[in-house]
Amino acid sequence: MPPDDRPSSPALTYGSYLQIDRLLDLQRPRSEGPEHDELLFIVIHQVYELWFKQLLHELDRAIALLRAGDAHRAQHTLRRILTILKVMVAQLDILETMTPLEFLAFRSRLEAASGFQSDQFRQVEFLLAMKSRAAIERFPEGSRARTALEDRWAQPTLWDAFVEYLAREGYAVPESARERDVTAAVVASPELQQVLVAIYRGDPKNSELCERLVDLDEGMQEWRYRHVKMVERTIGTKRGTGGSAGVEYLRTTLFQPVFPDLWEIRGRL
Ligand code: HEM
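These numbers come from a predicted model, not from an experiment.

(A) Examining the overall build of the protein chain more closely. Along the backbone of the protein chain there are 14 helices and zero strands. Traced from its N-terminal end to its C-terminal end, the protein chain shows the element sequence α-α-α-α-α-α-α-α-α-α-α-α-α-α. The C-alpha extent of the protein chain, read off along each of the three principal axes, is 70 × 65 × 35 Å. Considering only intrachain contacts with a sequence separation of at least 6, the fraction spanning at least 24 residues in the protein chain is 71%. When the accessible area of the protein chain is evaluated, it comes to approximately 15,200 Å², of which 55% is carbon and sulfur surface. In the protein chain, 35 side chains carry a positive charge and 40 a negative one; their mean positions are 1 Å apart.

(B) Main features of the site of the ligand. Contacts to the ligand come from 28 residues, most closely from Ser-114, Arg-122, His-227, Ser-244 and Tyr-249. Between Arg-122 and the ligand, the recorded distance is 2.8 Å, taken from a side-chain N or O atom to an oxygen atom. Contact between the ligand and Gly-242: an oxygen atom at 2.8 Å from a main-chain N or O atom of the residue. Examining the composition of the shell around the ligand, we find that six residues originate from one element, helix α12 (residues 204-235), more than from any other. Taken together, the residues of the shell around the ligand break down into 14 nonpolar, twelve polar and two charged.

(C) Representation of the pattern of salt bridges within the structure. Scanning all chains against the criterion turns up 24 salt bridges. Among the salt bridges present, the one from Arg-30 reaches Glu-111, with a minimum N-O distance of 3.5 Å. Here Glu-111 lies in the loop between α5 (100-107) and α6 (119-127) and Arg-30 lies in the loop between α2 (20-24) and α3 (38-67), a separation of 81 residues in the sequence. Classification of Glu-111 as exposed rests on a relative accessible area of 55%. With a shortest N-O distance of 3.2 Å, Lys-205 and Glu-169 are connected by a salt bridge. Taken together, the residues Lys-205 in helix α12 and Glu-169 in the loop between α9 (158-168) and α10 (175-178) connect sequence positions 36 residues apart. Taken together, the shared-partner salt bridges in this structure form one network comprising Arg-133, Glu-137, Glu-141, Arg-146 and Glu-150.

(D) Region of the structure containing the coordination of the iron atom of the ligand. Exactly one donor from the protein chain reaches the iron atom of the ligand: His-227 (NE2), at 2.2 Å. Within the secondary structure layout, His-227 lies in helix α12.

(E) Fine view of α12. For α12, built from 32 residues, the straight-helix expectation of 46 Å at 1.5 Å per residue is met to within 8% by its first-to-last C-alpha distance of 46 Å. Positive backbone phi, approximately 60°, marks Gly-236, located one or two places after α12.

Procedures and definitions
Residues numbered from 1 in each chain as written. Predicted model: local features only at pLDDT ≥ 70, side-chain atom pairs only at ≥ 80, totals over all residues. Heavy atoms only, no water. Helix = DSSP H or I, 4+ residues; strand = E, 2+ residues; numbered from the N terminus. Contact = heavy atoms within 4.5 Å. Areas by Shrake-Rupley, 256 points an atom, 1.4 Å probe, with all protein chains shown as cover. Lys, Arg positive; Asp, Glu negative; His and termini not counted. Charge placed at Lys NZ, Arg CZ, Asp CG, Glu CD. Near = heavy atom within 4 Å. Polar contact = N/O pair within 3.5 Å; in protein donor to acceptor, adjacent residues only side chain to side chain. Nonpolar A, V, L, I, M, F, W, Y, C, P; charged D, E, K, R; others polar. Salt bridge = Lys/Arg side-chain N within 4 Å of Asp/Glu carboxyl O. Buried < 20%, exposed > 50% of the residue type's maximum accessible area, 1.4 Å probe, protein only. Donors = N, O, S within 2.8 Å, 3.2 Å for Na, K, Ca; no water. Expected span 1.5 Å × (residues − 1).

If you want it as structure tokens, here you go:
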């Protein structure tokens, strides 16, 4: 098209491409004043939600690449996921600069709102084979959150894509692992562990892939641990705004591997 005939739309800018005006309009403190630290509290949660969005985008890709048998690119994607997770863990340091009293200055304004209600966090858990119907039913029928979780409920997890990939690589993966209920947590399988031990001993390419999955599992556990400690130093033994017992509840979520087989074999290597 000759330049003169071009439709007259404003030139793309940094601000219009990234929708900066809309983005900067999304932080709405509820406290009077408002309290100085409420902006940090809002910004950090919004940043986490953006990272959750990116994690889901990358986890979907890692699953698709494994299903296509492309272990090399799947590993590349897993490395990116792990780098994001490290940033997510490190960001808790910023929130820890907020003292208990600074948080108390606006905590009551949160009413019953809590990270417990983050559907994207639950979606990440679902992709890692930690699914729960209760997590879905918390959201109203027809909402974006509920639809997204319903879609992921029946979707094979990263573990299922990995197991299927190993079978296609020629490993004698037991039927029980290939045909497992994808809505359930992964149950450790001694037969599959034999396969994994053989991979660690004689297959450098696929043992590297296993290591990236262990990194991911450990990274999630690390985030949970750092979150609990941050919560403990900020609210002590108080109940959570989401209605749970707070730290006591959060402690029950610690040290639970999502890929138990990859941990169980380590004493045998
Ligand atoms: C001062 C800061 C924070 C405090 C005091 C806090 C406190 C809590 C508490 C007490 C719970 C348990 C559920 C409840 O009863 O509310 C919880 C859960 C949760 N929080 Fe936080 N939190 C903080 C910051 C964050 C941040 C920045 C995120 C990032 C998104 C986050 C994400 C979550 C998630 C995903 C859960 C659910 C964990 C699970 O059920 O396994 N929290 N939080």
